[in-house]
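Structural features, examined
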Amino acid sequence: MTSWLLLAEAGATAGSPEGGLFDLDATLPLMALQVVLLTFILNSLFFRPVGKAVEDREGYITTSRTQAKEQLAQAERLEADLREQLRGARLEAQKVIQDAEQDSDRLYREAMAVAQADAIASRENARSKIDAQRAEALGALKADADRLADLIVARLLPAS
Amino acid sequence: MAPLPFALPFAALEVGQHLYWQLGHYKIHGQVFLSSWVVIGALLAVVVIGTRRMERDPSGVQNLLEFLWDYLRDIAREYIGEKAYRDWLPFIGTLFLFIFVSNWGGALIPWKLVHLPSGELGAPTADINTTIALALLVSLAYFYAGLSRKGFRYFEYYVEPTPIMLPFKIVEDFTKPLSLSFRLFGNILADELVVAVLAFLVPLVVPLPVMFLGLFTSAIQALIFATLAAYYIGEAVHEEHH
């Protein structure tokens, strides 16, 4: 079971004489150069275009949001305005209704008063007429009664 | 000590063997460059596909790229500061992406299918040359950032808050790249070794949790490297408020 260990050791020590884990050579500067190149390539292919896209979008969102906020404010202003107008109109309507009610009330009262006055007047009139007729009738009755009485007296007395 | 009854095709540990390419008088590790080209190619392919048609309503790969960009910008902005982060975002971002894709590529791409005459393909970050190169780039970057932003006033940083700090700060300039490079190198190499040893001993199922752990540490290492690089640059460009 130790064969793999031996194998590993053989790989590490034997093989080429200059091998090993910490074998520094020209790979190092070339790799550094490669990474620097990659940085520039990625900068132009990745970081700049994607950054531009993201920042453009952020700008777009910011301006859209500002516009939306302005529009919202405007709408709210309009709404408040309309609400104010509506309130005014409602008050006015109430006033008109109240006026009309008062008017009709007044007219009703006036008409009522006139009618009542008329009624009273015609009642008084009728009563005075009735009184006059009654007095006249009573007078006529009295005269008839007196005449009849005289007649009766005259018929009875000569017989005695 | 009985010899194995059959030859295991799964894993043979090859530590410290390299595929040497001769370049003039110098030797370079071919397998590191091969795998790094695969990694860079994959990275560039994703980036090119994702930025081909940029739209205001992102979809598909553009979404992923924008998420990455946002993530990297947050790292850069948090550690470098609002004023200077734009200059350094590509560097920090490239470090993160290169290390992250290298680490995950080392773990996820079946490199074993490619046979090299010597050495084996793997994560480019499992080679000490790569990590030292990255760490030295970070050192250069923070010196350059400090000097270009503050001129020679940058060296005030070494005697702040008191001159007693001078030797410690000088030592720090050496320990920063050392710790950066060895942390990354050690973690990635150790991860590959552990997976290789486990796969050698028990080829099925058992290495899986360790592989997942390896993916996790790989991502963390990329994040740590990028974050520390950003922090060092931020430290260099930081203005003391008197």
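Residues numbered from 1 in each chain as written. Chains lettered and ligands numbered in written order. Predicted model: local features only at pLDDT ≥ 70, side-chain atom pairs only at ≥ 80, totals over all residues. Heavy atoms only, no water.

1. With respect to the overall build of chain B
Within chain B one finds 6 helices and 2 strands. Going from N to C terminus, chain B has its helices and strands arranged as β-β-α-α-α-α-α-α. Along the first, second and third principal axes, the C-alpha set of chain B runs to 75 × 50 × 40 Å. By the burial criterion, 46% of the 242 residues in chain B qualify as buried. Look at the contacts in chain B between residues 6 or more apart in sequence, and 68% of them connect residues 24 or more apart. For chain B, the distance from the average position of its 15 positive side-chain charges to the average position of its 20 negative side-chain charges is 5 Å. (Helix = DSSP H or I, 4+ residues; strand = E, 2+ residues; numbered from the N terminus. Buried < 20%, exposed > 50% of the residue type's maximum accessible area, 1.4 Å probe, protein only. Contact = heavy atoms within 4.5 Å. Lys, Arg positive; Asp, Glu negative; His and termini not counted. Charge placed at Lys NZ, Arg CZ, Asp CG, Glu CD.)

2. Section: a nonpolar patch on the surface
Residues and elements named next belong to chain B. Side chains of Val-46, Ile-49, Val-61, Leu-64, Phe-67 and Tyr-71 sit close together on the surface and give an oily, nonpolar patch of about 510 Å² of accessible area. Elements with a contribution of two residues or more to the nonpolar patch: helix H1 (30-50) and helix H2 (61-80). The element contributing the most residues to the nonpolar patch is H2, with 4 residues. Residue position: Val-61 is located in helix H2. (Patch = residues over 30% accessible without salt bridge, like charges linked within 9 Å, V, L, I, M, F, W, Y side chains within 5 Å. Areas by Shrake-Rupley, 256 points an atom, 1.4 Å probe, with all protein chains shown as cover. Salt bridge = Lys/Arg side-chain N within 4 Å of Asp/Glu carboxyl O.)

3. Structural notes on the side chain of His18(B)
Residues and elements named next belong to chain B. By the secondary structure assignment, His-18 is in the segment before strand S1 (20-23). Taking the relative accessible area as the measure of exposure, His-18 reaches 7% and is therefore buried. Side-chain polar atoms of His-18 contact the side chain of Gln-31, separated by 3.0 Å. (Polar contact = N/O pair within 3.5 Å; in protein donor to acceptor, adjacent residues only side chain to side chain.)

4. A closer look at the packing of helix H3 (residues 85-108) of chain B against helix H4 (residues 128-150) of chain B
Residue and element names in this part refer to chain B. Running from N to C, H3 and H4 cross one another at 170 degrees; their axes reach a closest spacing of 12 Å. The angle between H3 and H4 places the two elements in the roughly antiparallel class. On the side of H3, the interface is formed by Asp-87, Trp-88, Phe-91, Leu-95, Phe-98 and Ile-99, while H4 contributes Thr-130, Leu-134, Leu-137, Val-138, Ala-141, Tyr-144, Ala-145 and Arg-149. (Axes fitted to C-alpha atoms, helices over the stretch in contact; angles between N-to-C directions. Parallel < 35°, antiparallel > 145°, perpendicular 65-115°, else oblique.)

5. Re unusual backbone geometry
All names here are of chain B. A positive phi is found at Val-205, a non-glycine position, where the angle reads about 60 degrees. Among the structural elements, Val-205 can be located in the loop between helix H5 (166-201) and helix H6 (207-237). Val-205 gets classed as exposed once you look at its relative accessible area, which sits at 61%.

6. Quick word on the packing of aromatic side chains
Residues and elements named next belong to chain B. Applying the stated rule across the entire model yields 22 aromatic pairs over all chains. With centroids separated by 6.3 Å and ring planes inclined at 85 degrees, the aromatic side chains of Phe-182 and Phe-185 adopt a geometry described as edge-to-face. With a gap of 3 residues between them, Phe-182 and Phe-185 both fall in helix H5, about one helical turn apart. When its relative accessible area of 37% is taken as the criterion, Phe-182 is described as partly exposed. (Phe/Tyr/Trp six-rings, centres within 6.5 Å; stacked < 30°, edge-to-face > 60°.)

7. Thoughts on the nonpolar core
With 66 residues, the main nonpolar core has Phe46(A) and Ile80(B) as its most contacted residues. Sorting the residues of this core by element identifies helix H2 (27-156) of chain A together with H1, H2, H3, H4, H5 and H6 of chain B as the ones contributing at least two each. Among all residues touching Ile80(B), those that are not within four sequence positions of it are Tyr85(B), Trp88(B), Ile92(B), Ala230(B), Ile233(B), Gly234(B) and Val237(B). (Core = buried A, V, L, I, M, F, W, Y, C linked by side-chain atoms within 4.5 Å.)

8. A short note on the interface of chain A and chain B
Frequently, the measure chosen for interface size is the accessible area removed from exposure when the parts meet. Contact residues are listed per partner, giving 44 residues for chain A and 57 residues for chain B. Note on chain A versus chain B: buried area summed over both sides is about 4500 Å², and carbon and sulfur give 73% of it. Counting every contact that joins chain A to chain B gives 3 salt bridges. A salt bridge links Arg73(B) to Glu58(A); its shortest N-O distance comes to 3.8 Å. (Buried area = accessible area lost by both parts, 1.4 Å probe.)

9. Some words on the side chain of Asp191(B)
With respect to the helices, strands and loops of the structure, Asp191(B) is situated in helix H5. With residues near it in sequence (within four places) discarded, Asp191(B) still touches Val210(B), Gly214(B) and Ser218(B).

10. Describing H4(B)
Because an α-helix packs 3.6 residues into every turn, residues spaced three or four apart end up facing the same way. All names here are of chain B. In a regular helix each residue adds 1.5 Å, so 23 residues correspond to 33 Å; H4 covers 33 Å between its end C-alpha atoms and thus fits that length. The N-capping residue of H4, defined by a side-chain oxygen 2.8 Å from the backbone nitrogen of Asn-129, is Asp-127. Phi for Gly-151, located one or two positions after H4, is positive at around 65 degrees. (Expected span 1.5 Å × (residues − 1).)

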